[in-house]
Amino acid sequence: MADTPRDRAATRWSTVFGGCALRRHQLLLSLVGLGCVALGIVVAVLVPEGDGPAWVMAVVGCLAAGVLLLVRIGLALLRPGGRATP
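Counting of residues starts from 1 at the beginning of each chain's written sequence and follows it residue by residue. Restriction of local features to residues with pLDDT of at least 70 applies here, the model being predicted, together with a cutoff of 80 or more for giving and counting side-chain atom pairs; totals for whole chains, interfaces and linings are based on all residues. Side-chain numbers come from the whole structure's heavy atoms, not from hydrogens or water.

Moving on to the overall build of the protein chain. A count of helices and strands for the protein chain gives 4 helices and 0 strands. Counting from the amino terminus, helix and strand elements in the protein chain follow one another as α-α-α-α. By definition in these notes, contact holds between two residues if any of their heavy atoms fall within 4.5 Å. For the protein chain, contacts bridging at least 24 residues in sequence account for 61% of all contacts bridging at least 6. Here a helix means four or more residues in a row that DSSP labels H or I, a strand means two or more in a row labelled E, and each is numbered from the N terminus.

Below, the discussion takes up the environment of A64. Its place among the elements puts A64 in helix 4 (residues 53-78). Exposed residues in this analysis have more than 50% of their type's maximum accessible area, buried residues have under 20%, and partly exposed residues fall in between, with area computed by a 1.4 Å probe over protein chains only. On the basis of relative accessibility, which here comes to 33%, the residue A64 falls in the partly exposed class.

Time to look at the state of the cysteines. Any cysteine sulfur atom paired with another within 2.5 Å is treated as part of a disulfide. In this structure the tally under the stated criterion is 0 disulfides. Summary of cysteine pairing: C36 is not part of a disulfide, and the nearest cysteine sulfur, belonging to C62, is at 6.5 Å. On the accessibility criterion, C36 (23% relative accessible area) is partly exposed. Assessed through its relative accessible area of 18%, C62 is described here as buried.

Let us look at the packing of helix 3 (residues 26-46) against helix 4. A fitted line through C-alpha atoms serves as each axis, taken over the contacting stretch for helices, and the angle formed by two N-to-C directions is quoted from 0 to 180°. The contact between helix 3 and helix 4 brings their axes to 8 Å, and the two run at 155°. If you check the angle between helix 3 and helix 4, you find them roughly antiparallel. Two packed elements cross with a definite hand, and for helix 3 against helix 4 that hand is left-handed. Should an angle fall under 35 degrees it is taken as roughly parallel, and over 145 as roughly antiparallel, whereas 65 to 115 is taken as roughly perpendicular and any remaining angle as oblique. Handedness of a crossing is defined here by the sense of rotation of the near helix relative to the far one, left-handed for an anticlockwise turn of less than a right angle and right-handed for a clockwise turn.

Structure (structure tokens):
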């Protein structure tokens, strides 16, 4: 029988950690990124500003996580062959 990529353990691990999940689950990850941005906006609006640095860190953390995730997905789409699934 021919040796296929699925027969080799090293190839399976490189497929798992090589960005395939990003290509397969772009819609789900986009929704998570948008949810993080929305949560940051909600926290900024609803929580009083008098809570000090914890309030600022929560807002910045939520916004940063969402934006970084969305940028990473955008870069994967712009990369040549980004839409192709293995």
